[in-house]
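Below, each chain spelled out in residue letters.
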Amino acid sequence: MNIKKVLNYIGSMLIIEAILMFLPFIVSIFYKEQSGKYYLIASIIILIFGLLLKRSKTDKRFFTAEGFITAALGWIIISILGSLPLYFSKEIPIFIDALFETVSGFTTTGATILDDSTLLSKTANFWRCLTHFVGGMGVLVLMLAIVPSQSEDMHIMKAESPGPQVGKLVPKVSDTAKNLYFIYITLTALTILSYKLSGMPFYDSICLGFSTAGTGGFTVTKNGCADYSYLSQILMIVFMFLFSINFNIYFLIALGKFKTAFKSEELKIFILIIVVVASLIVINTRDQYVSLFENIHNALFHTTSIITTTGFAIKDYTAWPLFSKYLLLLIMVFGGCAGSTAGGFKISRLIIIFKQAYNEIYLQLHPNSVRIVKFEDRIVPNETIRTVLSYSVIYLMMILGGTAIISLEKFDLQTTLSSVLEIFNNVGLGISKVGPLGNITIFSNLSKITFMILMLAGRLEIFPIIMLLSRKTWSRER
Amino acid sequence: MRIVIVGCGKVGSTIARSLANENHNIIVIDKDQDKVNKILSEVDCMGIVGNGAIQQVLLEAEVEKADYLIACTSSDEINILTCLMTRRNSSCKTVARMRNPEYANQIEYIMNELDISLTINPDLATAHEIARNVRFSNSIYTESFFKGRLNLHNVIIPDDSKIIGKKLSEITKLYNLSGLICMIEREGDIFVPTGSSVVKKGDKVFIVARSYDAFKYFDAIGYKYKPIKSYMIIGGSRIARYLFDILDKDNNASVIKLIEKDHNKCVEIADKNPKISVVCADATDKQTLIREGMNDTDAFIALTGIDEENILLSLLANTNKSTKVITKVNHLNFIDSLNEIKLGSVVNPEKIAADIIIQYIRANMNAGDSNIETLHRLCNDRVEALGFKIKDNSAITNKKIMDIKLKDNVLIAGIYRKNQVIIPNGQDEILVGDSVVIITKDNKFNDILDILA
């Protein structure tokens, strides 16, 4: 394990974090808040750490394992360091809580230990939402976009990018990363502008814009998204959706290849699921609404919010029938499209395992027949199918294991199960006690730590975290 | 630059690896999914699975935007077809690998008709390399500049050498040497020595010298010069056949013996090359080799199709200290771990082909102050020896060399002016019209001005 090179890359990540942490300091000057100095101090400390790490002399060996460890270890370190201002400024006085909030920020989960986020300074809220923005497209991808390219880049990109197959937009990884960030920043700017034009205050537009971009879920007002106008909420639906489709599509559109872009199988299924689920919820909850518009608006908003794993809410849906709440849990697991900022299992994986399962049934009846799985008009190689199926099993085990630990808490099943699902899929919003009116304060420290591991595992798609904890990765005879 | 490589075999992957390191945009096309996956996991490039001779595949690789297309599949015909289809969609330069000696006479016509910029014959290039190697039998390998007037030799210092323990400045004076020991490779590390550096046992030195001066160095080191008169070549491969043609013109070569297993090949060769003694036998039988005179031959060249056989044969031949041994190895990965002391000189056709292509691309990349005439990559591509043509005045011309601030690990090793070779000291200047040899470690230069700090 080439730990020196790994630490070198983490050094780069820290330098990026230090620069980002300077921004809340600027916000604090603007709003004349005291807490700003903690961000400045932390920024300098992180910068020093980063520069120190970059001095470690590197040796060229860098393979997939090193990539995974860079992602896992790097994200843990930036979370710990990123929570320092929140802790030292006493805005979140308990360290585990501050850490939870920061991990929730970077992993774009959006689950919060805060009862009321307006009690936080504008600086702190800005930082929370900024972590969503960076965590969404990825800190390592940002690093790849900035740092001059080296041959190991591909391993790093694979470790942080979501989805079963990592595709490149252009030959060089660093150019791909630059393109992704360019599209990402442009779209975010568009989001912020739209929110502002729809009547949201300037500060809210920026924070919610970041939160939407990373499909995170942090809000800065007392009642979350319910505090905004219908127009703003409709825009939220649109942008949550836009950020959870494969960014390759935007690249194809930018190149003028509209037909190829809209042929995307994953996109079509994604839209189909949203439409079907929202419709079912509309029918199921029709008794709770007077106007049809309210009905559709609520159903569509929450469906989109949860399937994109954002976690915004405009109403406490605890009163909904169990069927609708079950549908929400279901799409929590589905998640968004690969190659986006959304979390969850990913639609592309779903399509592949579903097709494979269907083939399997057919093969049981006709043992010698040859069936292939095609996705996006290409044959899916057996190796990929195998990896996706194995991923599904490990995914399931993490949920089962996590639920076991959380069930020690003695909450009801709905709370327990939905908390694990929403945390692991980086949604940030569940049902029952972790619904729109709830938060994570009610959980013990053990649960919070479990949640943090699950959030990281979910965002990094499990393998990096497992590798970090596995002895085999570290032993010399790997 | 945007480069499309069709065929991800040994040549293709070597080129992809080297060029990706130089920051180009590389797209690799191959029919085999596994080969593409392998190159993707090692090199920062894009991969497409498909037949590169098909237009649709080429368009998918966006060949219309490419600067170069390199066709190096194992089939000459596919390579030519690929270049043709590329020409239809792109104005990029095309390079084709063509191995089949049967096409040798029509290559020029094909190149003209299909507008192929360069064809590479790895086997022919290797045969030339072997011939050059044999000429300077004491060095592991020799790279030529200025049409062979100036050479870079890589020589191992034998354990009993007289110069071990002496300083370089002493040695130059003692033996009246006029050349330059420009780099020393010691225990895996390469460095530029100074006059007070001491030669140690097991060192590999890089000597830059005029062709006749080189022998003085070999003498000083303790190698006796022996003109190569008798050759024993194992394996009637394509390289062997090209080598026969080259050796045919060498007056010194009096005995050339070929040992080849396949009877039909033996007959064919005996027919085409009457001067060669052809023996049909299995060379891995030690008795056969000794009987045919392995211990007495001046040069032993292992050219069978199997690396392991070549290595075994060379180990055997090398027990005789006075034989010049040359081994052909196909699998590049082994080269760095091969102990040259036991195996003599190692030639690798794919690396030679890749070097030619990379030299071609580098040379065409820059216009202006200078142009790369030759490029040789040594020591696992860590050391580069480049020949630049100085076309215009610039920051390095008309200035004493000792006044030019060079980057670390860069050496101006030789100047060629008006048919004279100059081994420069600090007082010499570089003028317009000169050709200059630069030796550098861990750097990749495209332009002569890159040498400046």
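Refer to the structure above for everything that follows.
Source: prediction; values computed, not measured.

Digging into the overall build of chain B
Turning to step 1, where the next piece is worked out: The secondary structure content of chain B amounts to 14 helices and 22 strands.
Turning to step 2, where the next piece is worked out: Taking 2.2 N^0.38 as the reference for a compact globule, 453 residues should give roughly 22 Å; the C-alpha atoms of chain B span a radius of gyration of 23 Å, in line with that estimate.
Turning to step 3, where the next piece is worked out: Expressed as lengths along the three principal axes of its C-alpha atoms, the size of chain B is roughly 65 × 60 × 40 Å.
Turning to step 4, where the next piece is worked out: A burial count over chain B gives 57% of its 453 residues as buried.
Turning to step 5, where the next piece is worked out: Across chain B, every contact between residues at least 6 apart in sequence was considered, and the portion connecting residues at least 24 apart equals 62%.

Side note on the environment of Tyr416(B)
Residues and elements named next belong to chain B.
Turning to step 1, where the next piece is worked out: Inspection of the secondary structure assignment puts Tyr-416 in strand E20 (residues 410-417).
Turning to step 2, where the next piece is worked out: Note: C-alpha distance between Tyr-416 and Ser-178 (238 residues apart in sequence) is 15 Å.
Turning to step 3, where the next piece is worked out: Not counting residues within four places of it along the chain, the set of residues in contact with Tyr-416 comprises Phe-146, Arg-149, Val-421, Gly-433, Asp-434 and Ser-435.
Turning to step 4, where the next piece is worked out: Within polar-contact distance, the side chain of Tyr-416 engages the side chain of Arg-149 at 3.2 Å.

Considerations on the sheet that holds strand E15 (residues 299-302) of chain B
Residue and element names in this part refer to chain B.
Turning to step 1, where the next piece is worked out: Overall, parallel pairing links the six strands, which are arranged E14-E13-E12-E15-E16-E17 in an open sheet. The sheet is open, and its two edges are formed by strand E14 (277-280) and strand E17 (345-347), each paired on a single side. Going across the sheet, the axis of each strand differs from the next one's by a mean of 15°, ignoring polarity.
Turning to step 2, where the next piece is worked out: Running at roughly 165° to strand E12 (residues 230-234), helix H9 (residues 238-248) makes contact with E12, strand E13 (255-260), E15 and strand E16 (324-328) of the sheet.
Turning to step 3, where the next piece is worked out: Where helix H10 (residues 263-272) meets the sheet, it contacts E13 and E14, and its direction lies at approximately 170° from that of E14.

Considerations on a nonpolar patch on the surface
Turning to step 1, where the next piece is worked out: A grouping of Ile41(A), Ile44(A), Ile45(A), Ile48(A), Phe49(A) and Leu52(A) is seen on the molecular surface, where their side chains present a nonpolar patch of about 550 Å² in accessible area.
Turning to step 2, where the next piece is worked out: Classification of Ile48(A) by relative accessible area gives partly exposed; the value is 48%.

As for the interface of chain B and chain A
Think of interface size as the accessible area that goes away when the parts come together; that is how it is often given.
Turning to step 1, where the next piece is worked out: Taken together, the contacts link 15 residues of chain B with 16 residues of chain A.
Turning to step 2, where the next piece is worked out: In total, about 1,100 Å² of surface goes out of reach between chain B and chain A, with carbon and sulfur atoms giving 41% of it.
Turning to step 3, where the next piece is worked out: If you sort the residues of chain B by the area they bury against chain A, Asn25(B), Asp44(B) and Met46(B) come out on top, with a joint share of 46%.
Turning to step 4, where the next piece is worked out: Between chain B and chain A we count two salt bridges in total.
Turning to step 5, where the next piece is worked out: Here Glu62(B) makes a salt bridge to Lys257(A), at a shortest N to O gap of 3.8 Å.
Turning to step 6, where the next piece is worked out: Elements with a minimum of two residues in the side of chain B that touches chain A: strand E2 (25-30) and helix H2 (33-42) of chain B.
Turning to step 7, where the next piece is worked out: Counted by class, the side of chain B that touches chain A contains five nonpolar, five polar and five charged residues.

Quick notes on the packing of aromatic side chains
Residues and elements named next belong to chain A.
Turning to step 1, where the next piece is worked out: The tally for this structure, following the rule as stated, stands at 30 aromatic pairs over all chains.
Turning to step 2, where the next piece is worked out: Look at Phe-106 and Trp-127: their rings are 6.2 Å apart centre to centre, the planes differ by 85°, and that puts the pair in the edge-to-face class. One end of the pair, Phe-106, is in helix H5 (residues 95-106); the other, Trp-127, is in helix H6 (residues 122-137), and 21 residues separate them in sequence. Each member of the pair, Phe-106 as well as Trp-127, is classed as buried.
Turning to step 3, where the next piece is worked out: Between the aromatic rings of Phe-443 and Phe-451, the centroid separation amounts to 5.0 Å while the plane-to-plane angle is 85°, which identifies the pairing as edge-to-face.
Turning to step 4, where the next piece is worked out: By way of ring pairs, the aromatic residues Phe-126, Phe-133, Tyr-181, Tyr-184, Phe-210, Phe-243, Phe-247 and Tyr-250 are connected into one cluster.
Turning to step 5, where the next piece is worked out: The ring of Tyr-391 has Arg-349 sitting right over it, with the charged end atom 3.9 Å from the ring centre.

What about the sheet that holds strand E6 (residues 118-120) of chain B?
Residues and elements named next belong to chain B.
Turning to step 1, where the next piece is worked out: One open sheet accounts for six strands, arranged E3-E2-E1-E4-E5-E6; its pairing is parallel. A strand with exactly one partner marks an edge of an open sheet, and here the two such strands are strand E3 (46-49) and E6. Here the average twist between neighbouring strands, direction ignored, is 15°.
Turning to step 2, where the next piece is worked out: Bridge analysis of strand E1 (residues 2-6) against strand E4 (residues 68-71) gives four bridges, and the strand direction is parallel.

A word on the nonpolar core
Turning to step 1, where the next piece is worked out: Formed by 144 residues in total, the largest nonpolar core has its most connected members in Phe100(A), Leu208(A), Met236(A), Phe247(A) and Ile440(A).
Turning to step 2, where the next piece is worked out: In terms of residue count, the dominant contributor to this core is helix H1 (residues 3-30) of chain A (eleven residues).
Turning to step 3, where the next piece is worked out: Ranked by size, the runner-up nonpolar core spans 44 residues in total, among them Ile15(B), Leu19(B), Ile404(B) and Ile438(B).

Remarks on the side chain of Thr221(A)
Turning to step 1, where the next piece is worked out: Inspection of the secondary structure puts Thr221(A) in the loop between helix H10 (202-213) and helix H11 (230-243).
Turning to step 2, where the next piece is worked out: On the basis of relative accessibility, which here comes to 14%, the residue Thr221(A) falls in the buried class.

As for the pairing of E14(B)
Looking down a regular strand, the side chains alternate between one sheet face and the other.
All names here are of chain B.
Turning to step 1, where the next piece is worked out: Note: E13 against E14, four bridges, orientation parallel. Residue pairing in the sheet places Lys-257 in a bridge with Ser-277 of E14.
Turning to step 2, where the next piece is worked out: Regarding the hand of the β-α-β motif, the stretch spanning E13, H10 and E14 is right-handed.

Points about the side chain of Thr323(B)
Turning to step 1, where the next piece is worked out: Checked against the element boundaries, Thr323(B) lands in the loop between helix H12 (307-317) and E16.
Turning to step 2, where the next piece is worked out: Excluding residues within four positions of it along the chain, Thr323(B) makes contact with Thr297(B), Asp298(B), Ala299(B), Phe300(B), Ala317(B) and Asn318(B).

A word on unusual backbone geometry
Peptide bonds are mostly trans, and most non-glycine residues show a negative phi.
Turning to step 1, where the next piece is worked out: Its identity as a non-glycine residue notwithstanding, Thr309(A) has a phi of 60°, on the positive side.
Turning to step 2, where the next piece is worked out: Within the fold, Thr309(A) resides in the loop between helix H15 (292-307) and helix H16 (322-334).
Turning to step 3, where the next piece is worked out: Even without glycine at this site, Asn419(B) takes up a positive phi of about 65°.
Turning to step 4, where the next piece is worked out: Its location among the elements puts Asn419(B) in the loop between E20 and strand E21 (420-422).

Overview of the pattern of salt bridges
Residue and element names in this part refer to chain A.
Turning to step 1, where the next piece is worked out: Summed over all chains, the structure comprises 30 salt bridges over all chains.
Turning to step 2, where the next piece is worked out: For Glu-101, the salt bridge identified is with Arg-128, shortest N-O distance 3.0 Å. Highlighted residues: Glu-101 in helix H5 and Arg-128 in helix H6, separated in sequence by 27 residues. As far as the burial class goes, Glu-101 and Arg-128 line up, both buried.

Let's talk about helix H8 (residues 211-221) of chain B
Residues and elements named next belong to chain B.
Turning to step 1, where the next piece is worked out: Residues Ser-211, Asp-213, Ala-214, Tyr-217, Phe-218, Ala-220 and Ile-221 constitute the buried set of H8. Summarising the axial view, the buried residues of H8 lie within an arc of 160°, below the 170-degree limit, and thus occupy one face.
Turning to step 2, where the next piece is worked out: Looking at the buried side of H8, the elements it contacts are helix H6 (122-135), strand E8 (150-156), helix H7 (168-175), strand E9 (179-186) and strand E11 (204-210).
Turning to step 3, where the next piece is worked out: Two residues or fewer past H8, Gly-222 is found with a positive phi of approximately 120°.

Quick notes on empty space enclosed by the protein
Residue and element names in this part refer to chain A.
Turning to step 1, where the next piece is worked out: Counted under the stated rule, the structure contains one cavity of 30 Å³ or more.
Turning to step 2, where the next piece is worked out: By volume, the largest cavity is sized at about 70 Å³.
Turning to step 3, where the next piece is worked out: Along the wall of the largest cavity there are 13 residues; nearest its centre are Thr-341, Ala-342, Gly-343, Lys-346 and Arg-459.

Regarding the packing of H1(A) against helix H7 (residues 139-146) of chain A
All names here are of chain A.
Turning to step 1, where the next piece is worked out: Two elements in contact, H1 and H7, have axes whose closest approach is 10 Å; the angle formed by their N-to-C orientations is 95°. Relative to H7, the element H1 lies roughly perpendicular. Contacts from Tyr-9, Ser-12, Met-13 and Ile-16 in H1 reach Val-139, Leu-140, Leu-142, Met-143 and Ile-146 in H7.

Reading the values: the criteria
Residues numbered from 1 in each chain as written. Chains lettered and ligands numbered in written order. Predicted model: local features only at pLDDT ≥ 70, side-chain atom pairs only at ≥ 80, totals over all residues. Heavy atoms only, no water. Helix = DSSP H or I, 4+ residues; strand = E, 2+ residues; numbered from the N terminus. Rg over C-alpha atoms; globule rule 2.2 N^0.38 Å. Buried < 20%, exposed > 50% of the residue type's maximum accessible area, 1.4 Å probe, protein only. Contact = heavy atoms within 4.5 Å. Polar contact = N/O pair within 3.5 Å; in protein donor to acceptor, adjacent residues only side chain to side chain. Pairing = 2+ DSSP bridges. Axes fitted to C-alpha atoms, helices over the stretch in contact; angles between N-to-C directions. Patch = residues over 30% accessible without salt bridge, like charges linked within 9 Å, V, L, I, M, F, W, Y side chains within 5 Å. Areas by Shrake-Rupley, 256 points an atom, 1.4 Å probe, with all protein chains shown as cover. Salt bridge = Lys/Arg side-chain N within 4 Å of Asp/Glu carboxyl O. Buried area = accessible area lost by both parts, 1.4 Å probe. Nonpolar A, V, L, I, M, F, W, Y, C, P; charged D, E, K, R; others polar. Phe/Tyr/Trp six-rings, centres within 6.5 Å; stacked < 30°, edge-to-face > 60°. Lys NZ or Arg CZ within 6 Å of the ring centre and 35° of its normal. Core = buried A, V, L, I, M, F, W, Y, C linked by side-chain atoms within 4.5 Å. Right-handed = clockwise from strand over helix to strand, strands pointing away. Arc of directions from axis to C-beta. 1 Å grid on protein atoms, 1.4 Å probe; cavity = no way out; pocket = protein on both sides within 12 Å on 5 of 7 lines; lining within 4 Å. Points joined across faces, edges and corners; volume = space filled by probe spheres on them. Parallel < 35°, antiparallel > 145°, perpendicular 65-115°, else oblique.

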